[in-house]
Amino acid sequence: MRFLSLAPLCAGALLLSSCVSIGSGAEPPEQLITLTPAAKAPAGSASEGTIDSAIFVFEPEVEDRLDVKRVPVQIDASSLAYLQNAFYVDRPARLFQSLLAETLRVTSGRLVIQGTDPGLPRRTRLYGKLVEMGYDAQAMSVTVTFDAVRVDPEGKINAQRFSSTVPGISADAAYVAPALNNAANEVAGSVAEWMNGFS
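Computed from a predicted structure; not experimentally measured. (Residues numbered from 1 in each chain as written. Predicted model: local features only at pLDDT ≥ 70, side-chain atom pairs only at ≥ 80, totals over all residues. Heavy atoms only, no water.)

1. Concerning helix H2 (residues 92-108)
So, step 1. With 17 residues, H2 should reach 24 Å at 1.5 Å per residue; the first-to-last C-alpha distance of 24 Å fits that figure.
So, step 2. Burial analysis of H2 places 12 of its 17 residues in the buried class, which makes it a mostly covered element.
So, step 3. For H2, every residue scored as buried is listed here: Pro-92, Ala-93, Leu-95, Phe-96, Gln-97, Leu-99, Leu-100, Ala-101, Glu-102, Thr-103, Leu-104 and Ser-108.
So, step 4. Following H2 by one or two positions, Gly-109 has its phi on the positive side, about 75°. (Helix = DSSP H or I, 4+ residues; strand = E, 2+ residues; numbered from the N terminus. Expected span 1.5 Å × (residues − 1). Buried < 20%, exposed > 50% of the residue type's maximum accessible area, 1.4 Å probe, protein only.)

And the structure:
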């Protein structure tokens, strides 16, 4: 892994932790990136249901390049960097899990539980893999791609890939952050529509 002008100069992935220091007197990053749901349940709203009718949303799997609080930048087919001065507030998988859960909560009207698998088979479960959530330097675009896997209470499995790309984005956190949020919301909305179609 190499860092170009898009990221602070580091020797590689093993030295990444020495290039990023938050706290202990270090200067905070210029921008923290999160995912904000386009639709939120209003304050005071409540969901009811039994555990048998609930939807369980689990943290997506990710590759190592997405398992850090950095925005990956695809330089070319074989080179990766991280966007300069841009850090997620949490790991991308956890941010996307929360976005999916909130979107489903608002659109389905069902009880949505975010967390670990209770180990009981008769549940509707949403698993998946966050394939992409980053910036493409050559295409000047942001892409979010999620491979969703739905398991119904009877054990039937349905899978589908969802993806959204926002083109024409400069390699600057001020532009990349809202584009990531828009793309992630579009994917989450499509996943929710797909999930609700099984009801």
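2. A short note on the packing of aromatic side chains
So, step 1. Per the stated rule, a full pass over the model turns up 5 aromatic pairs.
So, step 2. Relative to Tyr-127, the ring of Phe-58 has its centre 4.7 Å away and its plane inclined at 10°; by these criteria the two rings are stacked. With Phe-58 in the loop between strand E2 (55-57) and strand E3 (70-76) and Tyr-127 in strand E6 (residues 124-136), the pair connects residues that are 69 residues apart, well separated along the chain.
So, step 3. One aromatic cluster is present, built from ring pairs that chain together Phe-56, Phe-58 and Tyr-127. (Phe/Tyr/Trp six-rings, centres within 6.5 Å; stacked < 30°, edge-to-face > 60°.)

3. Here's the deal with the side chain of Arg-125
So, step 1. Structurally, Arg-125 is set in strand E6.
So, step 2. At 3.3 Å, the side chain of Arg-125 and the backbone oxygen of Arg-123 are in polar contact. (Polar contact = N/O pair within 3.5 Å; in protein donor to acceptor, adjacent residues only side chain to side chain.)

4. Here we look at the nonpolar core
So, step 1. Ranked by internal contacts, the top residues of the largest apolar core, which has 43 residues, are Phe-96, Leu-126, Val-144 and Val-191.
So, step 2. Listing elements by their share of this core, those giving two or more residues are E2, E3, strand E4 (79-88), H2, E6, strand E7 (141-151), strand E8 (157-166) and helix H3 (173-196).
So, step 3. The greatest single-element share of this core, amounting to 13 residues, is contributed by H3. (Core = buried A, V, L, I, M, F, W, Y, C linked by side-chain atoms within 4.5 Å.)

5. A closer look at the packing of H2 against H3
So, step 1. At a minimum axis distance of 9 Å, the contact between H2 and H3 shows a crossing angle of 50°. When the axes of H2 and H3 are compared, the pair comes out oblique. When the axes of H2 and H3 are compared, the crossing they make is right-handed. Note on element contacts: H3 touches H2 through Ala-184, Asn-185, Val-187, Ala-188, Gly-189, Val-191, Ala-192, Met-195 and Asn-196, opposite Phe-96, Leu-99, Leu-100, Thr-103, Leu-104, Thr-107 and Ser-108.
So, step 2. Of the residues belonging to the contact of H2 with H3, the class tally is 10 nonpolar, 6 polar and no charged. (Axes fitted to C-alpha atoms, helices over the stretch in contact; angles between N-to-C directions. Parallel < 35°, antiparallel > 145°, perpendicular 65-115°, else oblique. Left-handed = near helix turned anticlockwise from the far one by under 90°. Contact = heavy atoms within 4.5 Å. Nonpolar A, V, L, I, M, F, W, Y, C, P; charged D, E, K, R; others polar.)

6. Description of the confidence of the model for the protein chain
So, step 1. Per-residue pLDDT for the protein chain has a mean of 83; in total, 77% of the residues score no lower than 70.
So, step 2. Confidence drops under pLDDT 50 across residues 1-25; counting only partners more than four residues distant or on other chains, this segment forms 41 contacts. (pLDDT = per-residue confidence, 0-100.)

7. As for the pairing of E6
So, step 1. Burial runs high along E6: 10 of the 13 residues are buried.
So, step 2. In terms of strand pairing, E2 meets E6 through 3 bridges, oriented parallel. Among the inter-strand pairings, Phe-56 is bridged to a residue of E6, identified as Arg-125.
So, step 3. The sheet contact formed by E3 and E6 spans 2 bridges and is parallel. Residue Gln-74 lies in a different strand from E6, and its bridge partner there is Asp-136. (Pairing = 2+ DSSP bridges.)

8. Here we look at the pattern of salt bridges
So, step 1. The final tally for this structure, using the stated rule, is 9 salt bridges.
So, step 2. Residue Arg-94 pairs with Glu-59 through a salt bridge whose shortest N-O separation is 4.0 Å. Remark: Glu-59 occurs in the loop between E2 and E3 and Arg-94 occurs in helix H2; sequence separation between them is 35 residues.
So, step 3. Taking the relative accessible area as the measure of exposure, Glu-59 reaches 31% and is therefore partly exposed.
So, step 4. For the salt bridge of Glu-102 with Arg-105, the shortest nitrogen-to-oxygen distance reads 2.7 Å. (Salt bridge = Lys/Arg side-chain N within 4 Å of Asp/Glu carboxyl O.)

9. Some remarks on the pairing of E8
If a strand is regular, its side chains alternate between the two faces of the sheet.
So, step 1. Relative to E8, E7 runs antiparallel, the two sharing 10 bridges. By the bridge assignment for E8, Phe-146 is matched with Phe-162.
So, step 2. Following E7, the chain reverses through 5 residues before pairing antiparallel with E8; Gly-155 in that reversal takes a positive phi of roughly 95°.

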